[in-house]
Amino acid sequence: MTGALDWLTRYGEQGGDIAEAALMLAQLDQPNRPLEPARAHLAEIAEAMKLRASLIRDVGGGAHALADLLFGQLGYEGDREDYDNPQNADLVSVIARRRGLPVALGIIYIHGARAAGLEASGLSAPNHFVVRLTHGGHDAIIDPFNGGALIEPDRAPPHVPIDQDGLKQVVSDASVLLRLQNNLKIRALDAGDDARALEIAERMVLISPKRPDLWFDLGRLRHQAGIPGAARKAYERAVALTRPGEELGHAARQALAQLKRLLN
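Here the structure is a predicted model, which is why all the values come from computation and not from measurement.

Calculation rules
- Residues numbered from 1 in each chain as written.
- Predicted model: local features only at pLDDT ≥ 70, side-chain atom pairs only at ≥ 80, totals over all residues.
- Heavy atoms only, no water.
- Helix = DSSP H or I, 4+ residues; strand = E, 2+ residues; numbered from the N terminus.
- Rg over C-alpha atoms; globule rule 2.2 N^0.38 Å.
- Contact = heavy atoms within 4.5 Å.
- Lys, Arg positive; Asp, Glu negative; His and termini not counted.
- Charge placed at Lys NZ, Arg CZ, Asp CG, Glu CD.
- Core = buried A, V, L, I, M, F, W, Y, C linked by side-chain atoms within 4.5 Å.
- Buried < 20%, exposed > 50% of the residue type's maximum accessible area, 1.4 Å probe, protein only.
- Polar contact = N/O pair within 3.5 Å; in protein donor to acceptor, adjacent residues only side chain to side chain.
- Salt bridge = Lys/Arg side-chain N within 4 Å of Asp/Glu carboxyl O.
- Expected span 1.5 Å × (residues − 1).
- Pairing = 2+ DSSP bridges.
- Axes fitted to C-alpha atoms, helices over the stretch in contact; angles between N-to-C directions.
- Arc of directions from axis to C-beta.
- Parallel < 35°, antiparallel > 145°, perpendicular 65-115°, else oblique.
- Left-handed = near helix turned anticlockwise from the far one by under 90°.

**A short note on the overall build of the protein chain**
- Assigned secondary structure in the protein chain consists of 11 helices and 7 strands.
- The C-alpha atoms of the protein chain give a radius of gyration of 20 Å, which matches the 18 Å a tight globule of 264 residues would have.
- Taken along the three principal axes of its C-alpha coordinates, the protein chain extends 70 × 45 × 35 Å.
- Taking all contacts inside the protein chain whose residues are at least 6 apart in sequence as the whole, residues at least 24 apart take part in 53%.
- Side chains of the protein chain give 30 positive and 34 negative charges; the mean places of these two sets differ by 6 Å.

**Some details on the nonpolar core**
- In terms of nonpolar packing, the biggest core is built from 74 residues, with Leu66, Leu70, Tyr76, Ile107, Ile108, Leu133 and Leu177 touching the most fellow members.
- If we skip the residues at most four places from it in the chain, tyrosine 76 touches His41, Ile45, Leu70, Phe71, Val94, Ile95, Arg98, Leu105 and Ile108.

**Focus on the side chain of lysine 185**
- Positionally, lysine 185 belongs in helix α7 (residues 173-190).
- Engagement of the side chain of lysine 185 in a polar contact is seen with the side chain of aspartate 217, the distance being 2.6 Å.
- Aside from chain neighbours lying at most four places away, what touches lysine 185 is Ala197, Ile200, Met204 and Asp217.

**Re the pattern of salt bridges**
- Enumeration according to the criterion identifies 19 salt bridges in this entry.
- For glutamate 20, the salt bridge is made with arginine 39, and the minimal N-O distance between the two is 2.7 Å. Of this pair, glutamate 20 sits in helix α2 (residues 18-29) while arginine 39 is found in helix α3 (residues 36-53), placing the two residues 19 residues apart along the sequence.
- Assessed through its relative accessible area of 17%, glutamate 20 is described here as buried.
- Classification of arginine 39 by relative accessible area gives partly exposed; the value is 27%.
- Between glutamate 246 and arginine 243 there is a salt bridge, with its nearest N and O atoms 3.5 Å apart.
- On the basis of relative accessible area, glutamate 246 is assigned to the partly exposed category, the value being 27%.

**Thoughts on α7**
- Over its 18 residues, α7 runs 26 Å from end to end, which matches the ideal 26 Å to within 8%, given 1.5 Å per residue.
- Every buried residue of α7 is accounted for by Asp173, Ala174, Val176, Leu177, Leu178, Leu180, Gln181, Asn183, Leu184, Lys185 and Ala188.

**Focus on the pairing of strand β3 (residues 119-125)**
- When you tally the buried positions in β3, you get 5 out of 7 residues, the bulk of the element.
- Pairing geometry for β3 and strand β4 (residues 128-135), over 7 bridges, is antiparallel. Pairing of serine 121 across the sheet is with arginine 132, part of β4.

**Examining the sheet that holds β3**
- In space, the 5 strands of this open sheet follow the order β6-β5-β4-β3-β7, with antiparallel pairing throughout. One side of each edge strand has no neighbouring strand; the edge strands of this open sheet are β6 (149-151) and β7 (170-171).
- Helix α4 (residues 59-73) rests against β4, β5 (138-143) and β6 of the sheet, and its axis sits at about 130° to β4.

**Some thoughts on helix α10 (residues 228-241)**
- Between its first and last C-alpha atoms α10 spans 20 Å; for 14 residues at 1.5 Å apiece the expected length is 20 Å, and the two agree.
- Among the residues of α10, those classed as buried are Ala231, Ala234, Tyr235, Ala238 and Val239. Viewed end-on, α10 has its buried residues packed into an arc of 140°, placing them on one side of the element. Opposite the buried face of α10, by more than 90 degrees, sit the exposed residues Lys233 and Ala240.
- Looking at the packing, one finds that the buried side of α10 touches α9 (212-224) and α11 (247-263).

**Remarks on the packing of α2 against helix α8 (residues 194-207)**
- Between α2 and α8, whose axes approach to 12 Å, the crossing angle comes to 150°. On the basis of the axis angle, α2 is roughly antiparallel to α8. Our pair here, α2 against α8, has a crossing hand that is right-handed. Every residue of α8 that contacts α2 at Leu25, Leu28 and Asp29 is listed here: Arg196, Arg203 and Ile207.

Below, the structure is given as structure tokens:
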């Protein structure tokens with residue numbers, strides 16, 4: 001587990017491969033589970049897409065190649081029958097089961113697309129996750145949860161984040177990983193498992209250590225868990241990362257002041 005934590009700490013500082021980061025997150029939950037089969041499978045996906053790269057003439061062709069491989073040949077699709085199963089947010093389990101949440105499947109699509117030389121980024125909305133592909137100056141949106149289907153901007157369903165300019169709301173790889181983890185944290189909170197929620201929050205600050213909202217949430221969860229000293233450090237970090245006048249900074253200062261009164 002120490003190796004995974006160290007790897008994710010470096011990722012938060014320097015970035016890295018999104019699929020490998022997702023595997024490291026999965027290892028934190030099952031440290032004795034071997035990652036090599038999943039890594040080998042991802043390598044096979046990358047190799048298969050590299051072989052298809054010379055045949056890709058436009059972004060639509062790239063989208064079709066991805067869907068043909070990942071959905072048509074490998075059978076990846078959204079888990080509609082057991083959507084809230086935690087395995088759907090664990091990339092090792094997603095690879096084994098060929099089922100997952102939109103964001104977990106999106107990581108695999110991003111991995112395959114980049115191997116073929118396509119630009120690929122996540123697009124985010126409250127209720128769904130899709131992927132933007134770019135090739136030759138043109139863009140396309142695909143839906144990994146629904147077999148990599150192309151989504152037309154003028155016919156997009158309400159949950160898909162497309163504005164009038166077409167293909168906006170791109171999120172960073174770190175934000176994609178945070179969304180993956182947030183699915184687990186929300187389910188833990190809903191189940192009343194505060195210890196699990198705290199565990200996930202600790203990981204999230206590793207992935208994006210400059211996000212004050214993550215430190216604030218971590219401080220709150222640490223405080224609830226009865227570890228005020230660690231909560232204080234998280235609140236102090238949240239304060240340090242906010243600019244004067246920001247509402248989150250004000251909330252963090254208030255929480256920090258209340259905590260200090262309890263500690264004195």
